[in-house]
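Given next are the chains, with one letter for each unit.
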Amino acid sequence: MTDNSVNIRELFSGLQKQMEVQLNTNRESILHPVSKGDSLESVWIEWLKEYMPNRYCIDKAHVVDSRGHISDQIDLVIYDQQYTPFVFSQNGIHFIPAEGVYAVFEVKPDLKGSCLSNGENISYIEYAGRKIESVRKLKRTSAKIVDRGVPRAPRSLTKIIGGILTSVNSYSKQDTFERHLKALKGLRSIDMGCVVEYGSFYIDYNGSENDEITDLNERIENYYQQRSHLSINYSDRDSSLVTFFLQLSRYLQQTIGTVAAIDFNAYAKGVNFKIDEEI
């Protein structure tokens, strides 16, 4: 009798080793810092594109809002195109409406490290938090939709996942790494991350949205400002990529769901045009 079973652990292990080889090859063979950074970002983007459902788009991009405000350049953005169908591309650079963003990640070779930001030397983790904040603080709109023939009122704004992706962790003490994570508050706070040769992690927070706040942008910002740190949860080193992927998928599909529909008139104001909403 033929055995039709498959070893899930071996499948996951093969995926882990494949990704490790790609990242290590790029890290060791590319010497120029900018080229190395771009290459690492491309590996993460292509890996997620390979395994994430087609409903999610993944690119390096800037995020913009209806007021013309723009985020920092984000290494990896996971976004929706069903309810936010326009994404601008100019000279190879993507500009994504804030309404379509599900998650943003900073990509670095190592969890430990520092860089200059506005003349200030800060850790990679703090740098990631500032990048995440530049997206979360943008204004998002929410419009009514017609679902299976039934008009639906504008829904609440979804949370935007923020994280960091690296190949290694050179911190000698886990406490040091955790101290950096816990120092990030409000819109800068990190939700999850993956260190390929160390493990994936996610952070549990305590807090919920205040439904009495009617302004949707104020409500979601209040949630981030008020939530408090509970714990950091780690995976095993050998399952870092798979556990990261499963946790990210859980957040996207079963916690966030679908982003709010964009209010096209808010963007049309930028070209002095009023969209007809009736047929």
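Values in this document were obtained by computation on a predicted structure and should not be read as measured data. (Residues numbered from 1 in each chain as written. Predicted model: local features only at pLDDT ≥ 70, side-chain atom pairs only at ≥ 80, totals over all residues. Heavy atoms only, no water.)

Draft legend 1. The arrangement of the nonpolar core in detail. Formed by 34 residues in total, the largest nonpolar core has its most connected members in V77, V101, V104, I125, L181, I190 and F201. Secondary structure elements with two or more residues in this core: β1 (56-64), β2 (74-80), β5 (101-107), α3 (124-136), α4 (174-183), β12 (199-206) and α5 (216-226). The leading source of residues in this core is α3, at four residues. Apart from the residues lying within four places of it in its own chain, the contact partners of I190 are I125, A128, I132, G162, G163, I164, L181, L184, F201, I203 and Y205. (Core = buried A, V, L, I, M, F, W, Y, C linked by side-chain atoms within 4.5 Å. Buried < 20%, exposed > 50% of the residue type's maximum accessible area, 1.4 Å probe, protein only. Helix = DSSP H or I, 4+ residues; strand = E, 2+ residues; numbered from the N terminus. Contact = heavy atoms within 4.5 Å.)

Draft legend 2. Here's a closer look at the pairing of strand β10 (residues 161-166). When you tally the buried positions in β10, you get six out of six residues, the bulk of the element. Side chains I161, G163 and L165 project from β10 onto one buried face, and the interleaved G162, I164 and T166 project onto a second face that is buried too. Of the pairings in the sheet, the one linking β5 to β10 comprises five bridges and is parallel in character. Counted as the bridge partner of E106 is I164 from β10. Bridge analysis of β10 against strand β11 (residues 192-195) gives four bridges, and the strand direction is parallel. Bridging across to β11, T166 finds its partner in V195. Between β10 and its parallel partner β11, the chain crosses via α4, and the hand of that crossover is right-handed. (Pairing = 2+ DSSP bridges. Right-handed = clockwise from strand over helix to strand, strands pointing away.)

Draft legend 3. Representation of the pattern of salt bridges. Evaluated as defined, the whole model comprises 15 salt bridges. Among the salt bridges present, the one from K131 reaches E106, with a minimum N-O distance of 3.1 Å. Note that K131 is positioned in helix α3 and E106 in strand β5, a separation of 25 residues in sequence. Overall, K131 belongs to the buried group, its relative accessible area being 8%. Accessibility expressed as a relative area gives 3% for E106, which makes it buried. Here E120 and R130 are joined by a salt bridge, their closest N and O atoms 3.1 Å apart. Of this pair, E120 sits in strand β7 (residues 120-123) while R130 sits in helix α3, and the two are 10 residues apart along the sequence. Residues joined in a network through salt bridges with shared partners are E120, E126, R130, E133 and R188. (Salt bridge = Lys/Arg side-chain N within 4 Å of Asp/Glu carboxyl O.)

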